[in-house]
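Here's the letter readout for the chains.
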Amino acid sequence: VAVLVRLCVALHPYSGEGTPPMYGDYEAQRHWMEITLHTPVQEWYFNTSSNDLQYWGLDYPPLTAYQGVRCVGLCFDSFYLECMDVQVGSSSLNCNKAEQAWALAVILLQPASIIIDHGHFQYNCISLALATAAVGAVVRGWDVVGSVLYCMAFNHKHMALYYAPAFFGHLFGKCLQRRRPVLQVLRLGVAVVGTCAVCWWPFLSSWEVAAQHNLSWGDGTVDLGTAIPGGSCYINLQFQRARKNSVALWFDEKPAVAGDWLQAPSTNGFLLALVNSSLGFYLFAFQVHEKNILLAALPVTLLALTEPELLRWFIPLVTFSMTPLLRREGLLIATGALLLLFAAMYPMLIASRASEPSFTRPQVVAGWTSFFVAVSVLVVQEVVEPPARYPYLYSTVIVAFSFVHIAAFAAYGNWRQWTMACSSRSKSE
């Protein structure tokens, strides 16, 4: 069923279809295949006569380039099956087969990831699958294997670094609870450095240029600065922006890093740390793409059995936040169909649980109010043209609406993680 759904979505328009001269992400993937197959590996990140970096220059880490071996994509579903070790296969959850089946369905048919990868057309699924496998390995106690898989995830797409504080906090917390913690940390350090060295081996002689092209340090400032007259004003604004973003990000990431130091590292604590870490970067990073919210959607989906209330509202919100992009590419119908499928599965997941989730009346009212507001914005957008003076009115409304809700989810996630940590400490004392 999961494969069939993806094939159906693939029949809809894709990024950049029929829009020369740059087209879109589909053309970018095709061009990167051409570059990696027909130019020496040392030239992939350099501007040459056969590799014009102004035309979809390769700006992702090496594993994205290496994925020319398309069998990697076939590993997607098997990697996602690994995530069952995180929630469904965890003995601590004591879940029945019906719960396992519906949790698996929710994970494989999560609408936001499907519409971006198989509609918009990207390969986020590979990086997310590697990250999922890393989570599964860490939860099973295979910390070195998990570290290697996580390094592969962010060496495929560097946006997976959004998870870095959570992985660091959880693994470091586990090391502190073992005999010879320094040796445990060194083992993980060797695994991380070794994996990154293997991935970047062909570029070690010119790693500064390759890394700068991957990280795109200037992207987040140049785009904003082009609309600001005066060099001094521009520099001051960028300094203030960087300082405020860094401070906000630091405070938002502290729970994700420290959460597992304050408690016995647990599966739920780790997954909440992944949610909080990714949301912190999404809200306060210097440059954010719509698709980056998929990084928060993944651990929320893995929490389907323990935090179904979070799943119920967050996944539709994530999809709604990307509607300006999806509307531009003609994918709203496919998106609506995927959301209806998700809405049909959710009651089945709840019915399979031994205990019903508890929703307070204010939560239910707030959730349905948000839902109707979001649907109303989409309907009005289709039938009423925005004023000529404000062509991006609806996109701005969607962004503001999504930001308020995502910030609220981030606050809830941090509260849940801190209360879990405090509860664990009080029990140990």
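Notes on the structure in this doc start here. Note that this is a predicted model, so its numbers are computed, not measured.

Digging into a nonpolar patch on the surface
A cluster of nonpolar side chains, contributed by W368, F371, F372, V375, V379, V380, V383 and V384, occupies part of the molecular surface with about 710 Å² of accessible area. The topology assignment puts W368 in helix 20 (residues 361–383).

Quick word on the packing of helix 16 (residues 294–302) against helix 17 (residues 308–321)
Axis separation between helix 16 and helix 17 bottoms out at 10 Å; the angle between their running directions is 155°. As the angle between them shows, helix 16 and helix 17 are arranged roughly antiparallel. By crossing handedness, the relation of helix 16 to helix 17 is classed as left-handed. Residues A296, A297, V300 and T301 of helix 16 touch helix 17, and the partners they reach there are L310, L311, F314, I315 and V318. Of the residues in the contact of helix 16 with helix 17, the class split is eight nonpolar, one polar and no charged.

Quick notes on helix 17
Taking 1.5 Å per residue as the helical rise, helix 17 with its 14 residues ought to reach 20 Å, and the 20 Å between its terminal C-alpha atoms agrees with that figure. The element helix 17 is extensively covered by neighbouring structure, given that eleven of its 14 residues are classed as buried. Buried within helix 17 we find P308, E309, L310, L311, F314, I315, L317, V318, T319, F320 and S321.

Brief notes about the nonpolar core
Grouped together as the largest cluster of nonpolar side chains are 85 residues, with contacts concentrated most on Y163, F167, L279, I293, L311 and F314. Setting aside residues no more than four positions away along its own chain, Y163 makes contact with L128, A131, Y150, L274, S277, S278, L294, L295, L298 and P299. W44, Y60, W200 and F203 belong to the second largest nonpolar core, which has twelve residues in total.

What about the packing of helix 15 (residues 267–284) against helix 16?
It is at 8 Å that the axes of helix 15 and helix 16 come closest, and there the two elements cross at 160°. Taken together, the axes of helix 15 and helix 16 are roughly antiparallel relative to one another. The element helix 15 and its partner helix 16 pack so that their crossing is left-handed. Contacts from L271, L274, V275, S278 and L279 of helix 15 reach helix 16 at L295, A296, P299, V300 and L302.

Considerations on the pattern of salt bridges
Taken as a whole and judged by the stated rule, the model has five salt bridges. Between E34 and R30 there is a salt bridge, with its nearest N and O atoms 3.4 Å apart. Here E34 and its partner R30 are both found in helix 2 (residues 25–38), four residues apart, which amounts to about one turn of the helix. With a relative accessible area of 37%, R30 lands in the partly exposed category.

Notes on helix 10 (residues 164–176)
For an α-helix the count is 3.6 residues per turn, leaving residues at separations of three or four pointing the same way. With 13 residues, helix 10 ought to run about 18 Å at 1.5 Å a step, and its terminal C-alpha atoms sit 18 Å apart, in line with that. Taken together, the buried positions of helix 10 are P165, A166, F167, G169, H170, L171, G173, K174 and C175.

Calculation criteria
- Residues numbered from 1 in each chain as written.
- Predicted model: local features only at pLDDT ≥ 70, side-chain atom pairs only at ≥ 80, totals over all residues.
- Heavy atoms only, no water.
- Patch = residues over 30% accessible without salt bridge, like charges linked within 9 Å, V, L, I, M, F, W, Y side chains within 5 Å.
- Areas by Shrake-Rupley, 256 points an atom, 1.4 Å probe, with all protein chains shown as cover.
- Salt bridge = Lys/Arg side-chain N within 4 Å of Asp/Glu carboxyl O.
- Helix = DSSP H or I, 4+ residues; strand = E, 2+ residues; numbered from the N terminus.
- Axes fitted to C-alpha atoms, helices over the stretch in contact; angles between N-to-C directions.
- Parallel < 35°, antiparallel > 145°, perpendicular 65-115°, else oblique.
- Left-handed = near helix turned anticlockwise from the far one by under 90°.
- Contact = heavy atoms within 4.5 Å.
- Nonpolar A, V, L, I, M, F, W, Y, C, P; charged D, E, K, R; others polar.
- Expected span 1.5 Å × (residues − 1).
- Buried < 20%, exposed > 50% of the residue type's maximum accessible area, 1.4 Å probe, protein only.
- Core = buried A, V, L, I, M, F, W, Y, C linked by side-chain atoms within 4.5 Å.

Everything listed here is a matter of geometry and, on its own, says nothing about what the molecule does.
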